[in-house]
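Here is how the chains run, residue by residue.
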Amino acid sequence: SVDTRHTKMTAGEITDRVRECLDLVHLHGVESKATNELSGGMRQRVKLAQSFAHSPEVLFLDERNAGPSLMAERIARNELKRQPRWTESLAFGAV
């Protein structure tokens, strides 16, 4: 069941958006899995998908202690570069 109390989206629209965001991070068909059924790298990609879900104006990704998996980092770079509103102000780096 999808909670629609805090959005104007229908349950179907939310389900579609969840699938779209999971597809962006190459996690097709995991929307019904529990967190403990996912590997560490898959969990990172779910967090990345969650950050894309609301189409934020600013997206700050900080994984200083753990470091994102190589796949999650590549996905983030590729997907962010494809977003027209972010291409002008996109920066990657480490602190």
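Residues numbered from 1 in each chain as written. Predicted model: local features only at pLDDT ≥ 70, side-chain atom pairs only at ≥ 80, totals over all residues. Heavy atoms only, no water.

Looking at the confidence of the model for the chain
Here comes step 1: Residues at a pLDDT of 70 or more form 71% of the chain, whose mean pLDDT is 75.
Here comes step 2: Per-element averaging of pLDDT across the chain places helix H3 (residues 70–81) at the bottom with 72 and helix H1 (residues 11–24) at the top with 88. (pLDDT = per-residue confidence, 0-100. Helix = DSSP H or I, 4+ residues; strand = E, 2+ residues; numbered from the N terminus.)

Points about the nonpolar core
As a rule of thumb, soluble globular proteins bury nonpolar side chains together.
Here comes step 1: Counting 12 residues, the largest nonpolar core consists of Cys 21, Leu 22, Leu 24, Val 25, Leu 27, Val 30, Leu 38, Leu 48, Ala 49, Phe 52, Ile 75 and Ala 76.
Here comes step 2: Those elements that provide at least two residues to this core are H1, helix H2 (40–53) and H3.
Here comes step 3: When sequence neighbours within four positions are dropped, the list of residues in contact with Leu 27 reads Leu 22, Met 42, Arg 45 and Val 46. (Core = buried A, V, L, I, M, F, W, Y, C linked by side-chain atoms within 4.5 Å. Buried < 20%, exposed > 50% of the residue type's maximum accessible area, 1.4 Å probe, protein only. Contact = heavy atoms within 4.5 Å.)

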